[in-house]
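Below are the chains, spelled out letter by letter.
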Amino acid sequence: MCHLHCNLAPAHVKVGSHCNDLLVFERSLIYAGRHPVVTGQSGETTDKKVAVHSSRRMKTLDHDAVVIGAGPAGLLTAWTIAARRHDVAVLEEHPKVGEPDHCAGLLSLSGLKILGLEPPQQVIQNTVRAARIYAPSGRSLLVERGRHEAVVVDRRKFDAWLAERAVQAHASIITGVKVRALKTHDGSVVGVETLEDGAVVQRKAIVTIDAEGVQGRLSGSVGLPMIHRTSKYPAYQYEVQGADVDDDLVEMYYGRQTAPGFFAWIIPLGDGRARVGLASDFKSKPRLEAVMRHHPIISGKLVKASVLRGIGGTVLVGLPVKKTFMSGLVVVGDAAGMVKATTGGGVVFGGISGKIAGKTAALAVSERDASARSLGRYETSWRSLLLGQMRAMYLAQRAISSFSDRGLDSLVKNADELSLTDTVKREGDMDMQGTTIAGLLANPRTMIALLSAARYISPRF
Ligand SMILES: Cc1cc2nc3c(=O)[nH]c(=O)nc-3n(C[C@H](O)[C@H](O)[C@H](O)COP(=O)(O)OP(=O)(O)OC[C@H]3O[C@@H](n4cnc5c(N)ncnc54)[C@H](O)[C@@H]3O)c2cc1C
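What you are looking at is a predicted structure, and each value in this text was computed from that prediction instead of being measured.

Here's the deal with the site of the ligand
Surveying the vicinity of the ligand reveals 33 residues, the closest of which are Glu-92, His-94, Leu-106, Val-179 and Asp-334. Interatomic distance of 2.9 Å between a backbone N/O atom of Ala-104 and a nitrogen atom of the ligand. Between the ligand and the protein, one listed contact pairs an oxygen atom with a side-chain N or O atom of Asp-334 at 2.7 Å. In isolation the ligand offers 1,000 Å² of accessible surface; the protein chains occlude 89% of this area. Secondary structure elements with two or more residues in the shell around the ligand: α1 (72-82), β6 (88-92), β7 (106-108) and β20 (306-316). Sort the elements by how many residues they give to the shell around the ligand and β20 lands first, with 3 residues. Tallied by class, the residues present in the shell around the ligand amount to 15 nonpolar, 12 polar and 6 charged.

Quick notes on the sheet that holds strand β10 (residues 140-144)
Spatial strand order, β10-β9-β17-β18-β19-β16-β20: 7 strands in an open sheet with mixed pairing. Because the sheet does not close on itself, it has two edges, and the strands there are β10 and β20. The mean inter-strand angle of the sheet, taken between neighbouring strand axes irrespective of direction, is 20°.

Topic: the side chain of Gln-389
Within the fold, Gln-389 resides in helix α8 (residues 372-402). Look at Gln-389 and you get buried, because its relative accessible area is 14%. Once residues within four sequence positions are removed from consideration, Gln-389 is found in contact with Phe-349, Met-432, Gln-433, Gly-434 and Thr-435.

Describing the environment of Thr-342
One can find Thr-342 in the loop between β22 (329-331) and α7 (347-367). By relative accessible area, which is 12% here, Thr-342 ends up buried. The contact partners of Thr-342, leaving out residues within four places of it in the chain, are Phe-262, Phe-263, Met-393, Ala-396, Gln-397 and Gln-433. Among the polar contacts made by the side chain of Thr-342, one reaches the side chain of Gln-433 at a distance of 2.5 Å.

Brief notes about the environment of Arg-373
Examined against the element boundaries, Arg-373 turns out to sit in helix α8. Residue Arg-373 is classed as exposed on the basis of its relative accessible area, which comes to 62%. Taking C-alpha positions, Arg-373 is 7.7 Å from Ser-327, a pair spaced 46 residues apart along the chain. Polar contacts involving the side chain of Arg-373 include one to the side chain of Asp-369, which spans 2.9 Å.

What counts as what
- Residues numbered from 1 in each chain as written.
- Predicted model: local features only at pLDDT ≥ 70, side-chain atom pairs only at ≥ 80, totals over all residues.
- Heavy atoms only, no water.
- Near = heavy atom within 4 Å.
- Polar contact = N/O pair within 3.5 Å; in protein donor to acceptor, adjacent residues only side chain to side chain.
- Areas by Shrake-Rupley, 256 points an atom, 1.4 Å probe, with all protein chains shown as cover.
- Helix = DSSP H or I, 4+ residues; strand = E, 2+ residues; numbered from the N terminus.
- Nonpolar A, V, L, I, M, F, W, Y, C, P; charged D, E, K, R; others polar.
- Pairing = 2+ DSSP bridges.
- Axes fitted to C-alpha atoms, helices over the stretch in contact; angles between N-to-C directions.
- Buried < 20%, exposed > 50% of the residue type's maximum accessible area, 1.4 Å probe, protein only.
- Contact = heavy atoms within 4.5 Å.

Take a look at the structure:
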């Protein structure tokens, strides 16, 4: 139910019963949409202009900024805008922030530091120190630097915590509201259209931020490029208990028999619990089930395991979209392709893009200038910080998936024998892998490994 303060009736009347074509002021910290919202600090209020046209069951609200989607990218954008004392509303189509989740929850400590985030203990499920990379032959490489590198978070709790943080900074988070369309005027995006409590609502904004995630389509509807379908790989993941795995070691399994085009993973949660997943260019779920039963190493670790739950999703393995802004609109996170193509991980890069977008949007609101020139600063910033890294990871991912299983075996064997992991130990970074890749390519021993595997290159497409 929608509660507005109205001067024709006692406070907090339902819209439509008294307010015909009135300008009223919403006096709640968070506007309640069709479903309950993330709770804010009690007693604090914001004034927001609301025009109600009940005869047409249409309502207009004004915001400084509207964010579409309450994933990490949208929530970090909203937090950044709200922290600069601007009015920002986040619209989330699902009833609860963070659910349903589609993630393995592996986040590097260095990435969290860049984002300025210190998740509380109840969000963190485990800490990991190393990764073991398996070739199809079963030979493996241990990549470790003698310290804890990453945490495994429960994405449902992580996103809920980010939402709480944004609300504490006075962002409004409205759940159960799907954005149906972007509103445009004279070639600029001027807000969004939603359906709330059966009424069409237009939420006008100086800046709109598209943080819809991997299935995003709204920015495409106003002429911005969308992520190509060939960059989207289906993924599936089971959470299991009773697995025989190292509690602080992530495992990655490559090979065309296992996961053509990508890899399978085991991410430990502690006490024999783990996330076992696989992404591939097609049929990820049946492939994962086959791998869990028959893969010579994975199946052995799961002999006594039982499945707790399964989730599906889509990982991105391509480059970011070519344009991420126009007058009135910026695109962040998965919707803009802000991921590491080598792993599909997008929380850190999506979060970085969100923070840059938030700063740009806040400036645009202060200057009352959301022109393409003003919002173009967002793209300039993320490109200078991330694009080189993303290109290097994309090329590495393409190269890895072009090797046959014998080529991957040869690469891992040579990398092991030539101690290439020393370079990773020295220069490795879970997120800024472009720097690590450049370090590896500068090492003549990498060339030896690549040349001897080159005869096994056999592109699949
Ligand atoms: C199986 C799997 C495992 C993964 N593991 C990792 C990992 O370990 N580490 C990592 O960093 N990344 C991982 N990722 C990727 C990561 O989940 C994404 O990169 C990340 O969630 C992107 O954040 P986002 O905010 O851009 O989008 P999302 O988290 O997808 O959030 C978008 C939000 O927008 C909402 N929305 C969409 N359309 C609308 C609309 N029209 N109106 C209102 N709301 C809307 C959605 O409901 C959603 O809540 C994994 C992905 C998969 C599929």
